[in-house]
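# Inside the fold
Listed below, chain by chain, are the residues.
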Amino acid sequence: MLKKSLLFWLILSPLVVVILFPFGVMFVTAFRPREELFTYPPTWTFSEFRWANFAEMWVKTNFGRALLNSLYVSVLSTVLAMILSIPAAYALSRYRFPGKRAYRTFLLMTQMMSPIVLVLGLFRMMVTLGLVNTLNSLVLTYAAFNMAFTIWMLQSYFSTIPRDLEEAAWIDGAGHLTSLLRVFLPLAVPAMAVTAIFGFINSWNEFVLALTMIRSSDGFTLPVQIYSQVAGRYQIEWHHVMAATMLATLPVAIVFSWLQRFLIRGMALGAVK
Amino acid sequence: MASVTISNVGKSFGTMSVLHNINIDIENHEFVVLVGPSGCGKSTLLRMIAGLETVSSGEVRIGERVVNNLPARERDIAMVFQNYALYPHMTSYENMSFSLRLRKRPQAEIDQKVRDAASTLNLLPFLDRSPRQLSGGQRQRVAMGRALVRDAQVFLYDEPLSNLDAKLRVVMRTEIKALHQRLKTTSIYVTHDQIEAMTMADRIVVMNGGRIEQIGSPLDLYDRPANLFVAGFLGSPSMNFLKGQMRRSDRQAFVETEGGMWLPVSPDAAAREGQPVICGIRPEHIAISGDGGVPATVEVVEPTGPNIEVFISLAGQSASAVISERRTFRPGEEIALHWLPEHASVFDPETGQRL
Amino acid sequence: MNLSAGFKPLAMILPGLALAVLIIGYPIYDLGYASLHEVSRFGQFRGLNGLTNFRDVFQDPLFYGSLIRTVIWTFAVVGGTLALSLPIAMMLNEEFYGRGLARVIIMLPWSISLTMTAVVWRWALNGRAGLFNATLMDLGILKEPIEWLGEAHQAFTVEILIGILVSIPFTTTIFLGGLSALPQDSYEAAAVDGATRWDQFRHITLPLMKPFINIAVVLNVIYVFNSLPIIWVMTEGGPANGTDILVTYLYKLAFRFGQLGKASAISLIMFGVLMVFTIIYVLLVMRGEAGADAEE
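Residues numbered from 1 in each chain as written. Chains lettered and ligands numbered in written order. Predicted model: local features only at pLDDT ≥ 70, side-chain atom pairs only at ≥ 80, totals over all residues. Heavy atoms only, no water.

## Examining the overall build of chain B
Per the secondary structure count, chain B includes 8 helices and 20 strands. Its C-alpha atoms put chain B at 75 × 45 × 35 Å along the principal axes. Counting all 355 residues of chain B, 52% fall into the buried class. Of all intrachain contacts in chain B linking residues separated by at least 6 positions in sequence, the fraction that spans at least 24 positions is 65%. Of the accessible surface of chain B, which amounts to about 15800 Å², a share of 48% is contributed by carbon and sulfur atoms. The centroid of the 38 positive side-chain charges in chain B is displaced by 8 Å from the centroid of its 40 negative side-chain charges. (Helix = DSSP H or I, 4+ residues; strand = E, 2+ residues; numbered from the N terminus. Buried < 20%, exposed > 50% of the residue type's maximum accessible area, 1.4 Å probe, protein only. Contact = heavy atoms within 4.5 Å. Areas by Shrake-Rupley, 256 points an atom, 1.4 Å probe, with all protein chains shown as cover. Lys, Arg positive; Asp, Glu negative; His and termini not counted. Charge placed at Lys NZ, Arg CZ, Asp CG, Glu CD.)

This is the structure in structure tokens:
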């Protein structure tokens, strides 16, 4: 076992290094004093932890505003997607109905639809709807593009909750609503939470649509705001960019690391058959 | 408590018909077992009585009420599920009290009923545990308890013992029967296990392929099976079937096998002389001696403890006999078989019906 | 539980369906309409011009350049990802000390937005002060810093490698899901029959994993084919359009150069390609489900 573990870690080590490398870069650059950014020859060492970088960055990059925008878009789009997905997933896992097969096919196809291919049409549609440059355009599109994933995940988890629990509740005297609220939902909450968090992360990280729909910097979400600090600038304040990147990614990375085993289980359960 | 009347009930899923013209009258206090091989429609029928499946045609009545369009919760029935269907997020106490809490009964009454049921089922020490922390047998008892607290009109059991190991199954079988003798709640019990059916039922309904094959008390069915299916389904080891032609002489009747062997059968059998028939004789009705009976050859011998099962070849057909006396047999040994003519049934090979 | 289901399930799926049809269906219609019209750079339709937009696209050398690079990009990233992910998944499926940590680390790139990953790498690969150069120089591999993204071929290669890195977690997850469902007793039976580890891999793991490999291929092709952020953030398709793939070229046409008709035409062409892969995916999934249903 020990020999095997060492061997496996040895094989995995190049990959592990390459994965962790950007985190090191982020960390070192974010804390480094500005003067040491362009030392020659380049080096990892630096003289002090300059916490002030973060405070400066917060003001200069308008980080708080972008953070609020990101939160608004991610929370609302996730809530919307969940409200629409939960009944749909329940119907898929519990009922037979005409067109079920066609509906599942449609879901699979929308899961494959990429925003980039439709981005021009989406932009024109939002212009028509008068939603361009509003965060709500992102709420709607993120919810729509996330729904296929959330419905699949929820459906595969719902199917693991035995139907006879609800039947037992009916026989015990519960109506459909009561059995949903008191038997089904308490059992489905963990699955719904996990699914919602993945939906949230997807929205949090989205780039193309946010870049396209939002025209003024007041509405930028974090990825676009950080990108705008880099794109087409003569002088890039890398220590600010890295500090912002670190603040934007670290919480998500931690939550994701904690939840990734649920994703594997979801896959095993049939999100990908 | 109430009677249950099932009249001309049919069930179809889309174009596929799974139950045809079912008629059963279940009396108040009766314990009726629906038994049959898997896919015979017994569980579907039970779920229709419960209100978990719609009734495609015919009528289901509980007491005087037609319940066809009544949702499950208004039928006043209790049900024990095959996989128990215990609510995993509730303790045993909460599981058992759920129905009473839904009905908003006073707390004192709920407490009283749950404790009564728990003490009947020896569950008092486990009331605070969640189903996860219970053994299979304890879960089964909680599922029973959930039904018990209800004082329901009818108890429905859907293969409740099939997930228990063989020993526990026998214990729970007796407990359920004893419980019924005390409470006398009308009960309908679905199983594929013919021993459960025989031991527990006041009356057995044997089902096959969506139809009722026979209804009757366990011993009636055992002694006078209406057809080959019932004859073969009830009893273990199952009844021997030997092909031949009907022969009558004086007041006696025989089935003559292909090899010219004459098997004594009941003279009441309504079969013409020379008609092709099947003679059915239960293994435990066969006695073995050295000579003077129907000759046969020993092939394999299996002692089971209380009995010895002897597999034999009789005029080229396979059969078995179960005897309780201690005797040794050698494979290939020639023996003679005896049975009382009234123990041997005669069936029509075409229709399968008893003659 | 088919208790008079009736229209209830339809009512349950309808709201979500409506949103999806609006957000995904309408743009497709709009793109189709725009692709057949002359469109001003401000989005006004100037009248039907038949297939002129498509002809423009097919006469555009930059389109062909982007197309070829898209093919290279997709094949290289998907191929590299699969080649690395299967062994990784097989290792992560076995017990070893620190497996939990290894899983977390290898899944990490998935949690981070591609945009951020690309921003960090762009800085790390900076020709003067990048820490990638610093590391290679510390290790004595390089004497002088290299401008990694300055030249198109090299930049494109780097982008492909990063593309592989960020695709590994998802692919590994699919494979882990598949591996965890493999029947352990098949391996025991094979071991008793005298199969070596390699035999077991070839005759048990590979054939049983084939459906998962198929799905991983198709899904990755779709995702990678459509992936904009890495190339967009790191080089914006430059230098001199040398790292443009179809998505970056499309984005430039639509939102930089205002050639909306042509951009719509490219969108539709890409949509067609995407549909082909999507249909393959749907067929694969449906076949898997038909198999699962038959087993029930």
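Okay, back to it.
## Side note on the overall build of chain C
Looking only at helices and strands, chain C features 12 helices and 2 strands. Along the chain direction, N to C, the helices and strands of chain C fall in the order α-β-β-α-α-α-α-α-α-α-α-α-α-α. Seen through its principal axes, chain C has C-alpha atoms that stretch 75 × 75 × 30 Å. Per-residue burial for chain C yields a buried fraction of 56% across its 296 residues. Within chain C, contacts between residues at least 6 apart in sequence are counted, and of these 65% link residues at least 24 apart. Accessible surface, chain C as shown: approximately 12800 Å² in total, 65% of it carbon and sulfur.

## So, the pattern of salt bridges
As enumerated under the stated definition, the model contains 28 salt bridges over all chains in all. Across the pair Glu 30 of chain B and Arg 203 of chain B runs a salt bridge whose closest N-O atoms are separated by 2.5 Å. Of this pair, Glu 30 of chain B sits in the loop between strand S2 (16-26) and strand S3 (31-35) while Arg 203 of chain B sits in strand S9 (residues 203-208), and the two are 173 residues apart along the sequence. According to the relative accessible area criterion, Arg 203 of chain B is partly exposed, its value standing at 22%. Within this structure, Glu 167 of chain A together with Lys 11, Arg 47 and Glu 53 of chain B form a network of salt bridges that share partners. (Salt bridge = Lys/Arg side-chain N within 4 Å of Asp/Glu carboxyl O.)

## Quick word on the interface of chain C and chain A
The interface of chain C with chain A comprises 108 residues on the first partner and 104 residues on the second. Taken together, the two surfaces of chain C and chain A that pack against each other cover about 9800 Å², and 79% of this comes from carbon and sulfur. At the surface where chain C touches chain A, the tally comes to 2 salt bridges. Among the salt bridges present, the one from Lys 4 of chain A reaches Glu 94 of chain C, with a minimum N-O distance of 2.9 Å. Per element, the largest residue contribution to the side of chain C that touches chain A is 19 residues, and it comes from helix H1 (residues 8-35) of chain C. For the side of chain C that touches chain A, the residue count by class is 79 nonpolar, 18 polar and 11 charged. (Buried area = accessible area lost by both parts, 1.4 Å probe. Nonpolar A, V, L, I, M, F, W, Y, C, P; charged D, E, K, R; others polar.)

## Here's the deal with the packing of aromatic side chains
What characterises a pair of aromatic rings is the spacing of the ring centres plus the angle enclosed by the ring planes. Residue and element names in this part refer to chain B. One pass over the full model with this rule turns up 42 aromatic pairs over all chains. For Arg 146, the ring lying beneath its charged end belongs to Tyr 87, and the centroid distance is 4.8 Å. Geometry around Tyr 222 places Arg 282 over its ring, the cationic atom sitting 3.8 Å from the centre. (Phe/Tyr/Trp six-rings, centres within 6.5 Å; stacked < 30°, edge-to-face > 60°. Lys NZ or Arg CZ within 6 Å of the ring centre and 35° of its normal.)

## Some points on the interface of chain B and chain A
Every contact between the two is made by 23 residues of chain B and, on the other side, 17 residues of chain A. Both faces combined, the contact of chain B with chain A buries some 1700 Å², and carbon together with sulfur accounts for 65% of it. Where Glu 167 of chain A meets Arg 47 of chain B, a salt bridge forms, and the shortest distance between an N and an O atom there is 2.7 Å. The tally of links between chain B and chain A comes to 8 residue pairs in polar contact (both at pLDDT 80 or more). Going through the elements one at a time, helix H1 (42-50), strand S6 (77-80) and helix H2 (92-102) of chain B are the ones with two or more residues in the side of chain B that touches chain A. Counted by class, the side of chain B that touches chain A contains 14 nonpolar, 3 polar and 6 charged residues. (Polar contact = N/O pair within 3.5 Å; in protein donor to acceptor, adjacent residues only side chain to side chain.)

## A look at the domain arrangement of chain B
Residue and element names in this part refer to chain B. Assigned domains within chain B: domain 1 (4-233) and domain 2 (240-347). The C-alpha centroid of domain 2 is placed 39 Å from the C-alpha centroid of domain 1. Across the contact, 7 residues belong to domain 1 and 6 residues belong to domain 2. Of the roughly 620 Å² buried where domain 1 meets domain 2, counting both sides, 60% is carbon and sulfur surface. Three residues stand out in domain 1 for area buried against domain 2, namely Tyr 222, Leu 228 and Ala 231, and they jointly supply 73% of the buried area on that side. (Domains from an automatic or database assignment.)

## Observations regarding helix H1 (residues 2-31) of chain A
In this model, H1 of chain A (30 residues) spans only 38 Å end to end at C-alpha, well below the 44 Å of a helix rising 1.5 Å per residue. Of all the bends found along H1 of chain A, the most pronounced is centred on Ser 13 of chain A and spans about 50°, while Pro 14 of chain A, a proline, follows it within four residues. (Expected span 1.5 Å × (residues − 1). Bend = angle between axes of the 7 residues up to and from the residue.)

## Here's the deal with the confidence of the model for chain C
Residues and elements named next belong to chain C. In this model, chain C carries an average pLDDT of 85, and 95% of its residues clear a pLDDT of 70 or more. Taken element by element, chain C is modelled with least confidence in strand S2 (residues 45-48), mean pLDDT 74, and with most confidence in helix H3 (residues 61-92), mean pLDDT 93. Complex prediction metrics read pTM 0.82 and ipTM 0.87. (pLDDT = per-residue confidence, 0-100.)

## Some remarks on the environment of Leu 250 of chain C
Locating Leu 250 of chain C in the fold gives a position in helix H11 (residues 246-255). Residue classification places Leu 250 of chain C among the buried residues on the basis of a relative accessible area of 1%. C-alpha separation for the pair Leu 250 of chain C and Met 270 of chain C, spaced 20 residues apart in sequence, amounts to 9.7 Å. Residue contacts for Leu 250 of chain C: discarding those within four places in its chain leaves Ile 116 of chain A together with Ala 263, Ile 266, Ser 267 and Met 270 of chain C.

## Considerations on the pairing of strand S8 (residues 186-191) of chain B
Residue and element names in this part refer to chain B. Of all the 6 residues making up S8, 6 are buried; the element is thus mostly covered by neighbouring parts of the structure. One ladder, built from 5 bridges, connects S3 with S8; its direction is parallel. From the neighbouring strand, Phe 31 faces S8, where its bridge partner is Ser 187. A crossover links strand S7 (residues 154-158) with its parallel partner S8, the connecting element being helix H5 (residues 166-183), and its sense is right-handed. (Pairing = 2+ DSSP bridges. Right-handed = clockwise from strand over helix to strand, strands pointing away.)

## Here's the deal with the packing of helix H6 (residues 135-158) of chain A against helix H8 (residues 176-205) of chain A
Residue and element names in this part refer to chain A. Interhelical geometry of H6 versus H8 gives an angle of 145° and a closest axis separation of 10 Å. For the pair H6 and H8, the sense of crossing is right-handed. Here H6 contributes Tyr 142, Asn 146, Phe 149, Thr 150, Met 153, Leu 154, Tyr 157 and Phe 158 to the contact with H8, which in turn contributes Phe 184, Ala 188, Ala 191, Met 192, Thr 195, Phe 198, Gly 199, Asn 202 and Ser 203. Considered class by class, the residues forming the contact of H6 with H8 number 11 nonpolar, 6 polar and no charged. (Axes fitted to C-alpha atoms, helices over the stretch in contact; angles between N-to-C directions. Left-handed = near helix turned anticlockwise from the far one by under 90°.)

## Section: unusual backbone geometry
Leaving glycine aside, a negative phi is the common case for residues, and trans is the common case for peptide bonds. Cis peptide bonds are those with omega within 30 degrees of zero, and the linkage from Ser 236 of chain B to Pro 237 of chain B qualifies with -5°. Its location among the elements puts Pro 237 of chain B in the loop between helix H8 (228-233) and strand S11 (240-249). Positive phi, normally seen in glycine, also occurs at His 29 of chain B, with a value near 75°. The partly exposed category is assigned to His 29 of chain B, whose relative accessible area is 37%. Its identity as a non-glycine residue notwithstanding, Ala 240 of chain C has a phi of 55°, on the positive side. Here Ala 240 of chain C lies in the loop between helix H10 (229-234) and H11.

## Some words on the sheet that holds strand S15 (residues 287-289) of chain B
All names here are of chain B. Read from one edge to the other, the open sheet built from 5 strands follows the order S15-S19-S16-S17-S18, with strand pairing classed as antiparallel. The sheet is open, and its two borders are formed by S15 and strand S18 (317-323), each paired with just one other strand. With strand direction ignored, the average angle separating the axes of adjacent strands in the sheet is 45°.

## So, the pairing of S2 of chain C
All names here are of chain C. Where strand S1 (residues 37-39) and S2 come together, 2 bridges link them in antiparallel fashion. Of the residues in S2, the one forming a bridge with His 37 is Leu 48. Between S1 and the antiparallel strand that follows it, S2, lie 5 residues; Gly 43 among them carries a positive phi value of about 90°.

## Overview of the sheet that holds strand S14 (residues 276-281) of chain B
Residues and elements named next belong to chain B. Spatially, 5 strands are ordered S13-S12-S11-S14-S20 in an open sheet, and the strand pairing comes out antiparallel. Every interior strand has two partners, whereas the edge strands, strand S13 (262-265) and strand S20 (345-347), have only one. Taking each pair of neighbouring strands and ignoring which way they run, the sheet shows an average axis angle of 45°. For S14 and S20, the ladder comprises 3 bridges, and the chain directions are antiparallel. Residue pairing across strands places Gly 280 opposite Ser 345, the latter belonging to S20.

## Some words on the packing of helix H4 (residues 136-148) of chain B against H5 of chain B
Residue and element names in this part refer to chain B. Between H4 and H5, the least distance of the axes is 12 Å, while the angle of their chain directions is 15°. In this view, H4 runs roughly parallel relative to H5, as classed from their interaxial angle. The element H4 and its partner H5 pack so that their crossing is right-handed. Contact with H4, carried on its side by Gly 137, Gln 140, Arg 141, Met 144 and Leu 148, involves Leu 168, Met 172, Glu 175, Ile 176, Leu 179 and Leu 183 of H5 and no other residues of that element. For the contact of H4 with H5, a count of residues per class yields 7 nonpolar, 2 polar and 2 charged. (Parallel < 35°, antiparallel > 145°, perpendicular 65-115°, else oblique.)

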